[in-house]
Amino acid sequence: IKDCSRMVITDPDPKWDSEEMPSGRTMGDSLVLPNGQILFINGAQKGTAAWWDADEPNFTPVLYFSEKPKGQRFKVLKPSQIARMYHSTSAVLPSGKIWVGGSNTHDTYKDKDRFPTETRIEAFSPPYLDPKLDKYRPQIVEESSEKKLMYGKNFETQFKLQDTNQKLTKQDIKVSMYFPPFTTHGYSMNQRLLFLKTFIAQNSEGTYKVTSKAPTFREVAPPGYYLLFIVHRGVPSKGMWVQIG
């Protein structure tokens, strides 16, 4: 299945916008990354979920850029060497890396088979973790940042940049809140990423304060723990745990 479709559900007359992915994928995981990009990872190229019903592992992760025009939204990334089929899983970590594990295509444990029961774990690094981008990567100062949020209220987060001479604008910095999902069987339950309204001020050399407005409604952000990221021109910081509600 190569189909990839999206919809803006708040449009008065919503319609599907469809295109094809670079490769077919069934039982794959779709993870929203801290900077708003979407990662497709794991799964097979043929068949369906359930015991023995899939074939041709899809080793190659694909990055999706929602803001780009159709035909330019996909980027093929470095493949794994491990088949992640039925019962595989993945998760976004506070570091920004992707935890990848699992794969059991049998109703029993089999360590010797065409697709054996997989116990190895991988850490996948999206392009934003390239060491060449470290000088642009924000560092949240947790001891000077608020971690308990109230609906509709402003809160402050402090962060640093290696380049101490940068003058930042609202266009340079985004603050995202990520609700970590429980991901299994190709579905990430409760996964959501929220970008908040922000205002940025520079305190001193290389240290910045961003004031953000917490989500207003529980329907948008259910009570619980979220990972908060500062995103500088597409490069996210490490996540900081915050609580709302």
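The following refers to the structure shown. Note that the structure is a prediction, hence the values are computed from the model and not measured.

**Here's the deal with the nonpolar core**
Turning to step 1, where the next piece is worked out: Ranked by internal contacts, the top residues of the largest apolar core, which has 24 residues, are Leu 149, Phe 159, Leu 168, Met 177, Tyr 226, Leu 228 and Ile 230.
Turning to step 2, where the next piece is worked out: Examining the composition of this core, we find that four residues originate from one element, strand S15 (residues 173–179), more than from any other.
Turning to step 3, where the next piece is worked out: Setting aside anything within four residues of it in sequence, one finds Leu 228 in contact with Ile 140, Phe 155, Thr 157, Val 175, Ser 176, Met 177, Lys 238, Gly 239, Met 240 and Val 242.
Turning to step 4, where the next piece is worked out: Formed by 18 residues, the second largest nonpolar core is a distinct cluster that contains Val 32, Phe 65, Tyr 178 and Leu 193.

**Focus: the layout of surface pockets**
Turning to step 1, where the next piece is worked out: Counted as a void, the largest pocket has a volume near 1,200 Å³.
Turning to step 2, where the next piece is worked out: Val 32, Gly 36, Ile 38, Tyr 64 and Ser 66 are the residues nearest the centre of the largest pocket, which is lined by 35 residues in total.
Turning to step 3, where the next piece is worked out: Put simply, the parts of the chain that give the lining of the largest pocket at least two residues each are strand S1 (3–6), strand S3 (29–32), strand S4 (38–41), strand S7 (62–64) and strand S18 (192–195).
Turning to step 4, where the next piece is worked out: Residues of the lining of the largest pocket, tallied by class, amount to 17 nonpolar, ten polar and eight charged.

**Notes on the pattern of salt bridges**
Turning to step 1, where the next piece is worked out: What the rule picks out here adds up to 13 salt bridges.
Turning to step 2, where the next piece is worked out: Residues Lys 70 and Asp 17 are paired through a salt bridge, measuring 2.7 Å at the closest nitrogen-oxygen approach. Here the residue Lys 70 occupies a position in the loop between S7 and strand S8 (74–76), and Asp 17 occupies one in strand S2 (residues 17–20), the gap between them amounting to 53 residues.
Turning to step 3, where the next piece is worked out: On the accessibility criterion, Lys 70 (46% relative accessible area) is partly exposed.
Turning to step 4, where the next piece is worked out: When salt bridges with common partners are traced through the structure, they connect Arg 6, Asp 17, Glu 19, Lys 70 and Arg 73 into a single cluster.

The rules we used
Residues numbered from 1 in each chain as written. Predicted model: local features only at pLDDT ≥ 70, side-chain atom pairs only at ≥ 80, totals over all residues. Heavy atoms only, no water. Core = buried A, V, L, I, M, F, W, Y, C linked by side-chain atoms within 4.5 Å. Buried < 20%, exposed > 50% of the residue type's maximum accessible area, 1.4 Å probe, protein only. Helix = DSSP H or I, 4+ residues; strand = E, 2+ residues; numbered from the N terminus. Contact = heavy atoms within 4.5 Å. 1 Å grid on protein atoms, 1.4 Å probe; cavity = no way out; pocket = protein on both sides within 12 Å on 5 of 7 lines; lining within 4 Å. Points joined across faces, edges and corners; volume = space filled by probe spheres on them. Nonpolar A, V, L, I, M, F, W, Y, C, P; charged D, E, K, R; others polar. Salt bridge = Lys/Arg side-chain N within 4 Å of Asp/Glu carboxyl O.

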